[in-house]
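# Summary of the model geometry
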Amino acid sequence: MRRAATAGLVLLPAPAAAHGMLQGVGDVYAGLLHPLVVPAEALALVAAALLLGASGRAACRAGLPVLAAGLALGLALGRFAPPSLATPALLATAFLAAAPVTAGLRLSPPLAALIAALAGLAVGIDAQPDPGTLRQTLTAAAATLFGATAIAVIVAALVLGREQSWQRIAVRVAASWITASAILYFAWLATSAPT
Amino acid sequence: MTRTLRHAILSVALLAAGPALAHTGAGGDIGGFGSGFLHPMLGPDHVIAMVAVGLWGVFLGAPAIWVLPIVFPLVMALGGAFGMIGVPLPAVETGIALSAVVLGLCVLLALKPPLPVAAVIVGAFAIFHGYAHGTEMPEAASAVSYALGFVIATGLLHLAGILFGGLARWDAGRIAVRTAGGLIALAGGAFLTGLA
């Protein structure tokens, strides 16, 4: 127990930059793991998947492909977007997706798909691969596209397949955590903006 | 304070701080998550009040058992936002200690008010807890990671209360849960009067 606690404490303060954390793991793993190790990306992806799953099978059918398309577009065009907008965009889409789930609302498939597409776009823009050769960049981008889509599909499928009442509650609790985190982030952003 | 405890606190302070890198508000800042996660955990007044929310939810039954843990982080986030923005809120520490007293008494007495009343009571105290978290947010921490860390820690403390409250399905367990509520109220009283 004591060893586990010590190990946990030692592991907590890992380096702060996602790209720094993923250095040396290769382009495939760097791209694959990027959406998992950047909290804002993970929040946006999970929130979008929660929304699609909670909105039903039709929303998943429409939303998951457009989320992947948004990701691809963001990865392709992300270098032209201002970097300072990436995290606010991620948290805004996370809030847009999580708030209806927290409130127990079931969105129409087109609306849920639109929010999922925006989340995918924001994740793609933020998950730009490090500069390198064309092959390295394409490999990392493809891995990010695969990894992020896989996360969204898995979470949406889990939510879609919920049958027990505790599973429905867990989905809303998770969404409330994401909503609360987004509210706090924007409060922080409002107070830390340059004057 | 024992030597071991001093070492433990020093270790937490050193390890949880994390590096201050340029990506404030972005990036995979596990240090920010650790700071946020540990913030409610290291405050005993926060811990007992959060556990009391879970315990009370069990006594109130469905839908309160899941409505309260959903309402709490949302209102707490608003309180955190007030704290960061600098909205003046008097007697924050008193409000936090009072939350333990009131919520502990609700568990001890197995009070069952209507859900809106319970939600208003819990929500009102959530403002104080969120405010404290918001004002004490370290400047170097990643905002996303810190927020996520302390929201998840709060949720897990609620869950701990709900799980312990599950004992209430048995008569002896019910006594244990109500006793825990009494102890929480006593501890809150100690914080309120400055004894702890």
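Everything in this summary refers to the structure shown in the same document. (Residues numbered from 1 in each chain as written. Chains lettered and ligands numbered in written order. Predicted model: local features only at pLDDT ≥ 70, side-chain atom pairs only at ≥ 80, totals over all residues.)

### As for the overall build of chain B
Broken down by element type, chain B carries eight helices and zero strands. Listing each helix as α and each strand as β along chain B from the N terminus yields α-α-α-α-α-α-α-α. For chain B, the proportion of its 196 residues judged to be buried stands at 54%. For chain B, the proportion of contacts with a sequence separation of at least 24, taken over those separated by at least 6, is 85%. (Helix = DSSP H or I, 4+ residues; strand = E, 2+ residues; numbered from the N terminus. Buried ≥ 20, exposed ≤ 12 C-beta atoms within 10 Å, placed from the backbone. Contact = placed C-beta atoms within 7 Å.)

### Some points on helix α8 (residues 134-160) of chain A
All names here are of chain A. Its 27 residues place the ends of α8 38 Å apart at the C-alpha level, agreeing with the 39 Å of an ideal helix rising 1.5 Å per residue. Of all the residues in α8, the buried ones are A140, A141, A143, T144, L145, G147, A148, T149, A152, V155, A156 and V159. Those residues of α8 hidden inside the fold are in contact with α3 (27-37), α4 (39-55), α5 (57-77), α7 (109-126) and α9 (165-192). (Expected span 1.5 Å × (residues − 1).)

### Re the nonpolar core
Ranked by size, the top nonpolar core spans 132 residues in total, and within it A47, A48, L50, L51 and A119 of chain A carry the most contacts. Aside from chain neighbours lying at most four places away, what touches A48 of chain A is L67, T93, A97, I115, A116, A119 and A152 of chain A. (Core = buried A, V, L, I, M, F, W, Y, C linked by C-beta atoms within 7 Å.)

### A short note on the packing of helix α3 (residues 44-60) of chain B against helix α4 (residues 64-85) of chain B
For the pair α3 of chain B and α4 of chain B, the least separation of the axes is 7 Å and the interaxial angle reads 150°. Along its contact with α3 of chain B, which presents V53, G57, V58 and L60 of chain B, the element α4 of chain B presents A64, I65, L68, P69 and F72 of chain B. (Axes fitted to C-alpha atoms, helices over the stretch in contact; angles between N-to-C directions.)

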